Amino acid sequence: MPPAMTDRRGLPGTAAPPPPTADVAIIGGGIMGLAIAYNLAARSRLRVVVLEASFLSSGASGRNGGGLRQQWSTEMNIRLMQESMEICAGFARDLQFNVWMRQGGYLFLMRTAATRAQIERHIALQNRCDVPTRLISTDEARQIVPQLATEPFVGASYNPTDAVVFPWPFLWGYAAAAMKRGVAIHTQTPVTAIDRTGTGSFVLHTARGTVTAGRVVNAAGAWSPRVAALVDLALPDWPARHEILSTEPLKPFLGPMVSVLESGLYVSQSMRGELVGGITLHEPKTHEIQLGSRLAFLHAMARGLTELMPILGEVKVVRQWAGPYDLTADGNPIVGEAAELPGFFLCCGFMGHGFMMAPVVAKYYALHLLGKETHPFFGTWRLDRFASGGAEPESMIIG
Amino acid sequence: MPRKLILCRCEDVTAQDVKHAVGAGYRTVEEVKRYTGFGTGPCQGKECLATVARAIAAAVGVPVSTLQPFTARSPLAPIELKHLAVAPAQAPGDAPSDD
């Protein structure tokens, strides 16, 4: 899998101190932070620094299943994902990195009439937004995926234009393109404290020096409450472990990402031929980030997968790992400037779906920071909505 | 050096791929794993990890002893789904906080 060979500026060594000043300092070198940095650098001459506590892709951006879908329950998410799909489809051309995108669709199976009634409402909304989702019978689903068991599903929701990607190259692509445009990206550089100057700038302390920045973006995902605590800001999002596995590579046979709504099982075949998937395991609410792997997950996933497609019993699991979802009470993200802290911006709480949202969210985030355009999500997803009951809940949170 | 020297046989990662990753600034085993895909195939790095670590160390110019291996992923060897489907749901070895 050789990456594209072009002339690029590399990441600085971890001994290099970060620049002492910046216009915008982004905390978090996941896809959200890197994509915001790239979009800012591509549209302005602002001095942008990205500070990552570990390495690029060490958090949820490097641990997810790579799904891109437009089947959501709120118009905001449907329309954003339509635009994100377009950006992803042009990514290899625009950022010169192959992200192994494969548009095989998404097939959501349902077991109960109650789920079907809810999904029918989502499909009507998706169709109004020009997403070609259809409610299909179990027999039709079996024509798309002949390996499906004769388990008594009551139907399926199918959109042929959803897709899967290989997540890691997105980060290399955004990082390389951002650095080429002058962004300083520093890995192994945790921010340990944040002070404010008399003029309202932020002084970010790291082990290798300070960065004084006019504006800060907290794009630290599941770690964002810890970052916000450095400025005494309490965030309401919390982390939740989600486990995932990968099998040995198989000859291409599975067109769509297949998911069972009631169990939260999802599985897709990557361009590398592996099956990649997970299933919901109920976790007690905690503020600790737990990334351990458990036999309980392998057992639940293997049972779910072999019940769904019995022919997969012979397929071998080669690897399991875990990543943190960054959850909120209404299933929506937290974005925009913290009302009580001018200059401190939030971009977190993406519910385990930030990867697919990042290309479009980062574009509008950059336009907002540049004062050029403010997308409506800056109103809907603002932090202080939780005081008044939250936003319209997003119910299509899977995995 | 031959034009193509394969270090990771599962994923066809070459010595040149590793040098390229280091050139792009990815200097640790975890980063090079993700940049090249080495160690993500059926052997999960059991054949190639030490070889790739030496190649990274040589390209960076540090002793290989300064590098950390990547996090080992279970299962220890590839296991068929049908066996896992009937495995006990809990095991004493379930790790609480390894990442």
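Residues numbered from 1 in each chain as written. Chains lettered and ligands numbered in written order. Predicted model: local features only at pLDDT ≥ 70, side-chain atom pairs only at ≥ 80, totals over all residues.

Participant: Explain the overall build of chain B residue by residue, including any values.
Facilitator: In terms of regular secondary structure, chain B is built from 4 helices and 3 strands. The N-to-C order of helical and strand elements in chain B reads β-β-α-α-α-β-α. Long-range contacts, defined here as pairs at least 24 residues apart, represent 55% of the contacts in chain B between residues at least 6 apart. (Helix = DSSP H or I, 4+ residues; strand = E, 2+ residues; numbered from the N terminus. Contact = placed C-beta atoms within 7 Å.)

Participant: Which residues make up the interface of chain B and chain A, and what are the values?
Facilitator: Each partner contributes residues to the interface: chain B has 38 residues there, and chain A has 37 residues. Only α1 (15–23), α2 (29–36), β3 (79–80) and α4 (81–85) of chain B provide two or more residues apiece to the side of chain B that touches chain A. Here the side of chain B that touches chain A gets 5 residues from one element, more than from any other, and that element is α2(B). By residue class, the composition of the side of chain B that touches chain A is 16 nonpolar, 11 polar and 11 charged. Note that strand β16 (residues 316–327) of chain A and β3(B) share 2 bridges and pair antiparallel. Along β3(B), the bridge assignment pairs Val317(A) with Ile79(B). (Nonpolar A, V, L, I, M, F, W, Y, C, P; charged D, E, K, R; others polar. Pairing = 2+ DSSP bridges.)

Participant: Can you break down the sheet that holds strand β14 (residues 265–269) of chain A residue by residue, with the values?
Facilitator: Pairing is mixed in the open sheet, where 9 strands are placed in the order β5(A)-β6(A)-β4(A)-β13(A)-β14(A)-β15(A)-β12(A)-β16(A)-β3(B). Where the open sheet ends on each side, the last strands, each with one partner, are β5 (134–136) of chain A together with β3 of chain B. Judged from the 2 bridges that link them, strand β12 (residues 238–247) of chain A and strand β15 (residues 275–278) of chain A form a sheet pairing that is antiparallel. Within β15(A), the position partnered with Leu245(A) by the bridge is Gly277(A). In the packing of helix α4 (residues 113–128) of chain A onto the sheet, contacts are made with β4 (106–110), β5 and β6 (155–159) of chain A, and the angle to β4(A) comes to roughly 150°. (Axes fitted to C-alpha atoms, helices over the stretch in contact; angles between N-to-C directions.)

Participant: Tell me about the pairing of β6(A), and please be specific about residues and values.
Facilitator: Residues and elements named next belong to chain A. Burial analysis of β6 places 5 of its 5 residues in the buried class, which makes it a mostly covered element. Judged by which residues are buried, β6 turns out to be covered on both faces: Gly155, Ser157 and Asn159 on one side and Ala156 and Tyr158 on the other are all buried. Here 5 bridges tie β4 to β6, and the two strands are oriented antiparallel to one another. Looking at β6, one finds that leucine 107 is bridged to tyrosine 158. Relative to β6, β5 is paired through 3 bridges, and the arrangement is antiparallel. The residue bridging leucine 135 from the neighbouring strand is serine 157, located in β6. (Buried ≥ 20, exposed ≤ 12 C-beta atoms within 10 Å, placed from the backbone.)

Participant: Please give an account of the nonpolar core that cites residues and values.
Facilitator: Counting residues in hydrophobic clusters, the biggest one holds 157 residues, and the most contacted among them are Ala25(A), Ile26(A), Ile36(A), Ala37(A), Tyr174(A), Ala178(A) and Val52(B). A per-element tally of this core places helix α9 (residues 354–369) of chain A first, with 11 residues. When residues of this core are sorted by domain, at least three fall in each of domain 1 (21–63 + 168–237 + 330–388) and domain 2 (103–162 + 238–325) of chain A. Here Val52(B) is in contact with Leu7(B), Cys8(B), Val18(B), Val32(B) and Phe38(B), once residues within four sequence places are set aside. (Core = buried A, V, L, I, M, F, W, Y, C linked by C-beta atoms within 7 Å. Domains from an automatic or database assignment.)

Participant: Describe the environment of Leu81(B), naming the residues involved and giving the relevant values.
Facilitator: Along the chain, the position of Leu81(B) falls in helix α4. Taking the C-alpha atoms as reference points, Leu81(B) and Ala24(B), 57 residues apart in sequence, are found 38 Å from one another. Other than its neighbours up to four places away in sequence, Leu81(B) contacts Ala302(A), Leu305(A), Thr306(A), Leu312(A), Gly313(A), Val315(A) and Val317(A).

Participant: Give me the domain arrangement of chain A: which residues, what numbers.
Facilitator: Bring the parts together and some accessible area is lost; that lost area is often taken as the interface size. Residues and elements named next belong to chain A. Its domain assignment divides chain A into domain 1 (21–63 + 168–237 + 330–388) and domain 2 (103–162 + 238–325). Each of domain 1 and domain 2 has a C-alpha centre, and the two are 30 Å apart. In this complex, domain 1 contributes 8 residues to the contact, which on the side of domain 2 involves 9 residues. Considered class by class, the residues forming the side of domain 1 that touches domain 2 number 3 nonpolar, 3 polar and 2 charged.

Participant: Let's hear about the packing of α1(B) against helix α3 (residues 49–60) of chain B: which residues, and what values?
Facilitator: Describing two packed helices takes the angle between their axes plus the distance from one axis to the other. All names here are of chain B. Remark: α1 packs on α3, axes separated minimally by 9 Å, with the N-to-C direction vectors making an angle of 45°. When the axis of α1 is compared with that of α3, the two are oblique. Note that α1 runs across α3; the crossing there is right-handed. Side by side, α1 and α3 meet where Ala15, Val18, Lys19 and Val22 of the first sit next to Val52, Ala55, Ile56, Ala59 and Val60 of the second. Looking at side-chain class alone, the contact of α1 with α3 contains 8 nonpolar, no polar and 1 charged residues. (Parallel < 35°, antiparallel > 145°, perpendicular 65-115°, else oblique. Left-handed = near helix turned anticlockwise from the far one by under 90°.)

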